[in-house]
Amino acid sequence: MRLTRREFAKSAFAAGVAAALPAGVFSACSVSSRAAGTNSARGAASPMQFDTGSPIPFPKNFFWGAATAAYQIEGAWKEDGKGESIWDRFAHTAGKIKNGDTGDVACDSYHRWRDDIALARAMNLNSYRFSIAWPRIQAAGVGPANSKGMDYYSRLVDALLEAHIRPLVTLYHWDLPQALEDTGGWPNRDTAARYADYVDLVARALGDRVSDWILFNEPDAFTDLGYLEGVHAPGRESIVAFLRASHAVNIAQGAGFRAVKAAHPAARVGTAFSMSACEAASDSEEDKLAAERAHAMTNLWFLEPALKGRYPEALAFFPESVMGIQGDDLRKMQAPLDFVGINLYYRTMVSAPGALERLSHAQQWLFPAKMAEGGQGKKTDNGWEVWPQAMYDTVMRITRDFNRPVIEITESGCAYNDGPDASGAIRDTRRIEYHRQYLQALGRAIGDGADVRGYHAWSLLDNFEWAEGYSQRFGLAYVDFKTQQRTIKESGRWYAKVAAENRVER
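Residues numbered from 1 in each chain as written. Predicted model: local features only at pLDDT ≥ 70, side-chain atom pairs only at ≥ 80, totals over all residues. Heavy atoms only, no water.

Q: How would you summarise the overall build of the chain if you had to cite specific residues and measurements?
A: Broken down by element type, the chain carries 20 helices and 15 strands. Looking at the 506 residues of the chain, the share that counts as buried comes to 61%. Within the chain, counting contacts between residues at least 6 apart in sequence, those at least 24 apart form 79% of the total. Carbon and sulfur atoms provide 49% of the accessible area of the chain, an area that totals close to 18,600 Å². (Helix = DSSP H or I, 4+ residues; strand = E, 2+ residues; numbered from the N terminus. Buried < 20%, exposed > 50% of the residue type's maximum accessible area, 1.4 Å probe, protein only. Contact = heavy atoms within 4.5 Å. Areas by Shrake-Rupley, 256 points an atom, 1.4 Å probe, with all protein chains shown as cover.)

Written out as structure tokens, the structure reads:
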């Protein structure tokens, strides 16, 4: 959870939080000393180094893929019966998106999906992760399926299968129907039931051909950025809304899992969790404890409820009443996921806040951990640190702590804004180096026992990057947003070779 990237008011906002959390609603929750000692300080560490030599092979039948999301690529924002999403509303609100950009057209993939499959084939991909827009299936988030919307995804699935590419379907990638937000959004626990109904519709329509499903993309991110920090849709800033939303999403995760399994018991179902290697900023016991809290909140807040039926020990006090936890909720949250999806881009440096900071900041009072980006590695064009060791550390931590689950890297990638040169080529050598290093780290984790089945580069093509609009390019293919022409970058050609050979050079 990106809890410290924005400064929160010290007076009115904090007072409002305190007023919303009546006395007596907290039950004490502590982190064990054993857990606090498991994450040593890495502030002076060097980036992972590899010996030169033979290429690193990947397991047989490994999935080489790329990922996209409906709102970021589809466009056609009100065609064929699609309803308004929270991102439609948010992007159409002045001042919310850089340069006033919207996803109204995006990459026009609703009409150009054949071009996108052609890109995937040219890159030798055998997996394509895409999401279904909930309001394209149910305009208002309730009722029967919109046949035109379902037909679009059915055609996409059929074409992928014909191209021998696995459709890896994300059921929710942040585009909640606006009508459901108007009735409370994710902080309203009834939204979990609406989500389960939607999942049932999609699973029954496509489950005869889709075997692999992702319930949510980054629940940590859309609850935090959308309901706590307000920088993403729907733009709310409330710690109470965040806590209630996170609990409702955990209930929805369990309900959605059961809905897919009821329709198709043999389906493989997981969630794509945003994760980061949380490193203590120093060797002090206080910073180590803070790093463990950050790990629990960033990496486990939605994973542990599914796999263990409980919340991790992350908060100084556990606000059970404020979150709206009811008698049978812990059982409802459980979902024995068939795989753990990991979205991994960077590491997080963590330190403990001082007593004055805890008293003056509502977030630090509840969640005593200061999180910052690492500063030693090279930076991408959007300022993220490149730190391949984070891939290894995170995959191995989840492998150790959850009894070697099946893992898929559902996203990893970098923003570099290289454009065509005089010859029309996009020579994005920094992106090649990013994926090479992160794949080397992943290969090392597999060699050390992690059961990793796939890697999905973010993204197949340049697209609408949420609040950043079109200012950041993550794609393996370049998109001219004026003409919608797609051009495979040098990184895409390099990735095609890696996928064809099922190995990465050292």
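Next comes the rest of the write-up.
Q: Tell me about the pattern of salt bridges, and name the residues and values.
A: Inspection of the entire model under this criterion finds 36 salt bridges. Close ionic contact of Arg189 with Asp329 constitutes a salt bridge, the shortest N to O distance being 2.9 Å. Pair noted here: Arg189 is in the loop between α8 (178–182) and α9 (190–206) and Asp329 is in helix α15 (residues 329–333), with a separation of 140 residues, a long-range link. By relative accessible area, Asp329 is classed as buried at 1%. Three or more residues are tied together by salt bridges with common partners; here these are Arg166, Asp212, Arg268 and Glu408. (Salt bridge = Lys/Arg side-chain N within 4 Å of Asp/Glu carboxyl O.)

Q: Talk me through the nonpolar core; I want residue IDs and the actual numbers.
A: Ranked by size, the top nonpolar core spans 155 residues in total, and within it Trp87, Trp186, Tyr195, Trp301, Val395, Leu442 and Tyr455 carry the most contacts. With residues up to four places along the chain from it excluded, the contact list for Val395 reads Ile342, Ile407, Ile409, Leu442, Ala445, Ala450 and Val452. (Core = buried A, V, L, I, M, F, W, Y, C linked by side-chain atoms within 4.5 Å.)

Q: Describe helix α5 (residues 109–122), naming the residues involved and giving the relevant values.
A: When the terminal C-alpha atoms of α5 are compared, their 17 Å separation across 14 residues is substantially less than the 20 Å that a helix rising 1.5 Å per residue should span. Of all the bends in α5, the greatest, near 35 degrees, is centred on Asp115. For α5, every residue scored as buried is listed here: Ser109, Tyr110, Trp113, Asp116, Ile117, Leu119 and Ala120. Considering only its buried residues, α5 is in contact with α3 (70–73), α6 (134–137), α7 (147–162), β13 (477–480) and β14 (485–488). Downstream of α5 by a residue or two, Asn124 has a phi angle that is positive, lying close to 60 degrees. (Expected span 1.5 Å × (residues − 1). Bend = angle between axes of the 7 residues up to and from the residue.)

Q: Could you give an account of the packing of helix α10 (residues 219–228) against helix α11 (residues 239–263), with specific residues and numbers?
A: Where α10 contacts α11, the axes come no closer than 8 Å and their chain directions differ by 150 degrees. The angle between the axes of α10 and α11 places the two elements in the roughly antiparallel class. As α10 packs across α11, the resulting crossing turns out to be right-handed. Every residue of α11 that contacts α10 at Pro219, Phe222, Thr223, Asp224, Tyr227 and Leu228 is listed here: Ile239, Ala241, Phe242, Ala245, Ser246 and Val249. Grouping the constituent residues of the contact of α10 with α11 by class yields 9 nonpolar, 2 polar and 1 charged. (Axes fitted to C-alpha atoms, helices over the stretch in contact; angles between N-to-C directions. Parallel < 35°, antiparallel > 145°, perpendicular 65-115°, else oblique. Left-handed = near helix turned anticlockwise from the far one by under 90°. Nonpolar A, V, L, I, M, F, W, Y, C, P; charged D, E, K, R; others polar.)

Q: An account of the environment of Glu286 is requested, with residue identities and associated values reported.
A: Among the secondary structure elements, Glu286 is positioned in helix α12 (residues 285–300). Along the backbone, Glu286 and Ser351 are 65 residues apart, and their C-alpha atoms lie at a distance of 7.5 Å.

Q: For empty space enclosed by the protein, give the residues involved together with the corresponding values.
A: Under the defined criterion, the tally for this structure stands at 5 cavities of 30 Å³ or more. As a volume, the largest cavity reaches approximately 90 Å³. Taken together, 14 residues make up the lining of the largest cavity; nearest its centre are Ile73, Tyr128, Phe130, Tyr152 and Leu156. Mapped by element, the contributors of at least two residues to the lining of the largest cavity are α3, α5, β4 (127–131) and α7. Taken together, the residues that form the lining of the largest cavity break down as 9 nonpolar, 3 polar and 2 charged. (1 Å grid on protein atoms, 1.4 Å probe; cavity = no way out; pocket = protein on both sides within 12 Å on 5 of 7 lines; lining within 4 Å. Points joined across faces, edges and corners; volume = space filled by probe spheres on them.)

Q: Can you explain the confidence of the model for the chain? Please cite residues and give values.
A: Predicted confidence across the chain gives a mean pLDDT of 91, with 90% of residues reaching 70 or more. In the model, residues 1–46 has pLDDT below 50 throughout and makes 103 contacts with residues more than four positions away in sequence or in other chains. (pLDDT = per-residue confidence, 0-100.)

Q: Could you give an account of the pairing of β4, with specific residues and numbers?
A: In terms of residue burial, β4 counts as a mostly covered element, since 5 of its 5 residues are buried. Across the two faces of β4 the burial is the same, with Ser127, Arg129 and Ser131 and Tyr128 and Phe130 all buried. As paired strands, strand β3 (residues 63–67) and β4 are joined by 3 bridges and run parallel to one another. When the sheet's bridge partners are listed, Gly65 is paired in β4 with Ser127. Summarising the sheet, β4 and strand β5 (residues 166–170) pair through 5 bridges and their orientation is parallel. (Pairing = 2+ DSSP bridges.)

Q: Would you mind going over unusual backbone geometry in detail, with residue names and values included?
A: Each neighbour pair has its own omega, and for Ala233 with Pro234 the value is 5 degrees, a cis peptide bond. By the secondary structure assignment, Pro234 is in the loop between α10 and α11. Cis geometry marks the peptide bond from Trp458 to Ser459; its omega dihedral reads 5 degrees. Its location among the elements puts Ser459 in the loop between β12 (451–458) and β13. Not every positive phi belongs to a glycine, and Glu218 is a case in point at roughly 45 degrees. Looking at the secondary structure, you find Glu218 in the loop between β6 (212–217) and α10.

Q: Explain the packing of α7 against α9 to me, using residue names and the numbers behind them.
A: One way to put it is that α7 packs onto α9 with a least axis distance of 11 Å and a crossing angle of 45 degrees. One finds that α7 runs oblique with respect to α9. The chirality of how α7 crosses α9 is right-handed. Across from Met150, Tyr153 and Ser154 in α7, the residues of α9 making contact are Leu201, Val202, Ala205 and Leu206. Here the contact of α7 with α9 is built from residues that sort into 6 nonpolar, 1 polar and no charged.

Q: Break down the side chain of Lys489 for me, citing the residues and quoting the values.
A: Within the element layout of this structure, Lys489 appears in the loop between β14 and α20 (490–501). A polar side-chain atom of Lys489 sits 2.9 Å from a polar atom in the side chain of Asp462. When near neighbours in sequence (up to four residues on either side) are disregarded, Lys489 contacts Ile426, Asp428, Arg431, Asp462, Arg473, Gly475, Leu476, Ala477 and Tyr478. (Polar contact = N/O pair within 3.5 Å; in protein donor to acceptor, adjacent residues only side chain to side chain.)

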